[in-house]
Amino acid sequence: MTERMSAADPLVTVSHVGKSFGHTQVLRDVNLEVHAGEVVGILGPSGSGKSTLLRCINHLEELDAGEIRVDGVLVGYREHRGRLYELRPKEVALRRRDLGMVFQRFNLFGHMTALENVMEAPVRVLRRPKAEVRTEALDLLDRVGLAHRADVYPSQLSGGQQQRVAIARALAMKPKVMLFDEPTSALDPELVGEVLAVMRQLAADGMTMIVVTHEMSFAREVCDRVVFMADGVVVEQGPAAQVIDAPRHERTRTFLARVGR
Ligand SMILES: Nc1ncnc2c1ncn2[C@@H]1O[C@H](COP(=O)(O)OP(=O)(O)OP(=O)(O)O)[C@@H](O)[C@H]1O
Ligand SMILES: [Mg+2]
């Protein structure tokens, strides 16, 4: 049934994934392996399928082809006699706890304090005791530098602070992998650094991360590997320094020339 994989196996395996919206094919035969502790950056022009890929990994989208496994386990499906069947929403929610996701737009619950936002999923989804979750949530807020803002509502926080709460909230489920979809692109420039610093620390602590980003210096510094996508395919991938500083494909070169390195 759920075969656990050995440490040498990838933690995330994306195999031959295809995805269409209507007649538009957005992902074509995408393959990606991410090992435990690796930080993988995803680069590519607007519309190339980066967000869709992350949403497929998290099963916010159904797959049209291929499969995605996290720690050897299918994310939104169960397999029966060689066919995949979609799980029920409750089962999907439980599987999804292996994956923390942080979006471009801070999507905190506006009627809850920072602390309540971080406590929400462990209490509601996992039904864990509040006192215990509260202690962990305060530790997480401390880790993102916001222990002193625990009782404040999102509207009273800056964009950078809200995004750091969003990171703490994702970490509260103790995910095996963190997915980031351009977490700094909606921020004022002066607030980008504090969010990248939290992500940098997370990477240094050994978290497995897949990060869609336009921050080239972050990708070069923090990512072990960079994947360049265009038109729904992986055009090239390799060590960050190689892909960013010596891209092999014309599409990658054109893109990098446009965004700047
Ligand atoms: N729910 C949807 N319904 C229809 N089309 C969609 C949907 N989501 C995405 N698309 C289309 O899929 C393609 C890929 O979109 P996606 O958001 O994955 O790109 P992206 O690489 O994340 O782009 P960006 O850099 O602008 O965020 C685009 O053409 C987009 O219009
Ligand atoms: Mg996107």
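Residues numbered from 1 in each chain as written. Chains lettered and ligands numbered in written order. Predicted model: local features only at pLDDT ≥ 70, side-chain atom pairs only at ≥ 80, totals over all residues. Heavy atoms only, no water.

(A) Structural detail: the sheet that holds strand 3 (residues 39-43). Read from one edge of the open sheet, six strands run 8-9-10-3-11-12, paired in mixed fashion. What marks the edges here is a single partner per strand, and that holds for strand 8 (99-102) and strand 12 (233-239). Taking the axes of each pair of neighbouring strands and ignoring which way they run, one obtains an average angle of 15 degrees across the sheet. Pairing analysis gives four bridges linking strand 8 to strand 9 (residues 177-181), with the strands arranged parallel. Residue Met101 lies in a different strand from strand 9, and its bridge partner there is Leu179. Across the sheet, helix 1 (residues 50-57) touches strand 3, strand 8, strand 9, strand 10 (208-212) and strand 11 (225-230), and the angle it forms with strand 9 is around 150 degrees. (Pairing = 2+ DSSP bridges. Helix = DSSP H or I, 4+ residues; strand = E, 2+ residues; numbered from the N terminus. Axes fitted to C-alpha atoms, helices over the stretch in contact; angles between N-to-C directions. Contact = heavy atoms within 4.5 Å.)

(B) Fine view of the site of ligand 1. Inspection of the region around ligand 1 gives Phe21, Val26, Pro45, Ser46, Gly47, Ser48, Gly49, Lys50, Ser51, Thr52 and Glu182 as its neighbouring residues. Taking Ser46, its side chain carries an N or O atom lying 2.6 Å from an oxygen atom of ligand 1. A distance of 3.5 Å separates an oxygen atom of ligand 1 from a polar atom in the side chain of Glu182. Alone, ligand 1 offers 640 Å² of accessible surface; in the complex the protein occludes 57% of this. Looking at the shell around ligand 1 element by element, the count peaks at three residues for helix 1. The residue inventory of the shell around ligand 1, partitioned by class, reads three nonpolar, six polar and two charged. (Near = heavy atom within 4 Å. Polar contact = N/O pair within 3.5 Å; in protein donor to acceptor, adjacent residues only side chain to side chain. Areas by Shrake-Rupley, 256 points an atom, 1.4 Å probe, with all protein chains shown as cover. Nonpolar A, V, L, I, M, F, W, Y, C, P; charged D, E, K, R; others polar.)

(C) Layout of the nonpolar core. The biggest cluster of nonpolar side chains holds 52 residues, and the ones touching the most others in it are Leu141, Ile167, Met178, Phe180, Met199 and Met209. By residue number, the principal contributor to this core is helix 6 (residues 189-204), which donates eight residues. Apart from residues lying up to four places away in sequence, Ile167 is in contact with Val102, Val144, Met178, Phe180, Val195, Val198, Met199 and Leu202. Membership of the second largest hydrophobic core comes to 29 residues, among which are Leu11, Val26, Leu74 and Val177. (Core = buried A, V, L, I, M, F, W, Y, C linked by side-chain atoms within 4.5 Å. Buried < 20%, exposed > 50% of the residue type's maximum accessible area, 1.4 Å probe, protein only.)

(D) Spotlight on the environment of Gly82. For Gly82, the location among the structural elements is in the loop between strand 6 (77-80) and strand 7 (83-86). Spatially, the C-alpha atoms of Gly82 and Pro183 are 37 Å apart, while their sequence positions differ by 101 residues.

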